[in-house]
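# Examination of the molecular architecture
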Amino acid sequence: MRYPLPVGGLAVYPAYPLQPPPLPMSTEFTRAFVATACLAAFQGGSRSPERLRRVLRQALQGGTAFAAGSRAATAVRLGDYSGALVAAVAGAGGVLLLERLLRDVARLDKEDQDGQEA
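Quick look at the structure, then. Quantities reported herein were computed from a predicted structural model and do not represent experimental measurements.

This next bit is on the overall build of the protein chain. Within the protein chain, the regular secondary structure consists of four helices and two strands. Order of helices (α) and strands (β) in the protein chain, N terminus to C terminus: β-β-α-α-α-α. Classification of the 118 residues of the protein chain by burial places 23% in the buried group.

Right under this line is the structure:
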């Protein structure tokens, strides 16, 4: 609710901000992490340890990608194009790092046997 500010005997209402402040990165990441985990958990498959690891990987990647995308969009809106580029590159790097660190064990075993990617 807006309250009047007394200015020279007149009641003046302060203007609403034109743009809301950006959310903290942790909030953006948490929202996307939970949403992606819910989607990945209910999309087919049994409840094996490999499946749970895949859900975790997808949730972490979804949170990272969404947080970076939100930060890049905010930077573009503010005219900070170099900040947008840094956010996009950091997000892509984070997703790639998570992919490398949390690969599926079955996929790695198959690659070792065949000598090629699955």
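Structure shown, so let's carry the discussion forward.
Let's shift gears to the packing of helix α1 (residues 25-41) against helix α2 (residues 49-77). Running from N to C, α1 and α2 point in directions that differ by 140°, and their axes come no closer than 7 Å. The handedness of the crossing between α1 and α2 comes out as right-handed. Its residues assigned to classes, the contact of α1 with α2 shows 13 nonpolar, six polar and three charged.

For the rest of this paragraph, the subject is the side chain of Arg51. By the element assignment, Arg51 lies in helix α2. Classification of Arg51 as buried rests on a relative accessible area of 12%. When neighbours within four sequence positions are excluded, Arg51 is seen to be in contact with Ala40, Ala41, Gln43, Gly44, Gly45 and Ser46.

This brings us to the packing of α2 against helix α3 (residues 81-101). At their nearest, the axes of α2 and α3 sit 7 Å apart, and the two run at 175° to each other. Relative to α3, the element α2 is oriented roughly antiparallel. On α3, the residues touching Arg53, Arg57, Leu60, Gln61, Thr64, Ala65, Ala68, Arg71, Ala72, Ala75 and Val76 of α2 are Tyr81, Gly83, Ala84, Ala87, Ala88, Gly91, Gly94, Val95, Leu98, Glu99 and Leu101. When the residues that make up the contact of α2 with α3 are grouped by side-chain class, the tally is 13 nonpolar, five polar and four charged.

Turning to the pattern of salt bridges, a few remarks are in order. Note on pairing: side chains with opposite charge can pair once their charged atoms come close. Throughout the structure, instances matching the rule amount to two salt bridges. In this structure, Glu28 engages Arg71 in a salt bridge whose closest nitrogen and oxygen atoms are separated by 4.0 Å. Linking Glu28 in helix α1 with Arg71 in helix α2, this pair joins segments that are 43 residues apart in sequence. Accessibility expressed as a relative area gives 6% for Glu28, which makes it buried. On the accessibility criterion, Arg71 (25% relative accessible area) is partly exposed. As a salt-bridge pair, Arg57 and Glu99 come within 3.4 Å of each other at their nearest N and O atoms. Taken together, the residues span a long stretch of sequence, with Arg57 in helix α2 and Glu99 in helix α3 at a distance of 42 residues.

The periodicity of an α-helix, 3.6 residues per turn, causes residues three or four places apart in sequence to face the same way. Across its 29 residues, α2 extends 42 Å between first and last C-alpha, which sits within 8% of the 42 Å expected from 1.5 Å per residue. Gly79 sits one or two residues past α2 and shows a positive phi near 80°.

Definitions and cut-offs
Residues numbered from 1 in each chain as written. Predicted model: local features only at pLDDT ≥ 70, side-chain atom pairs only at ≥ 80, totals over all residues. Heavy atoms only, no water. Helix = DSSP H or I, 4+ residues; strand = E, 2+ residues; numbered from the N terminus. Buried < 20%, exposed > 50% of the residue type's maximum accessible area, 1.4 Å probe, protein only. Axes fitted to C-alpha atoms, helices over the stretch in contact; angles between N-to-C directions. Left-handed = near helix turned anticlockwise from the far one by under 90°. Nonpolar A, V, L, I, M, F, W, Y, C, P; charged D, E, K, R; others polar. Contact = heavy atoms within 4.5 Å. Parallel < 35°, antiparallel > 145°, perpendicular 65-115°, else oblique. Salt bridge = Lys/Arg side-chain N within 4 Å of Asp/Glu carboxyl O. Expected span 1.5 Å × (residues − 1).

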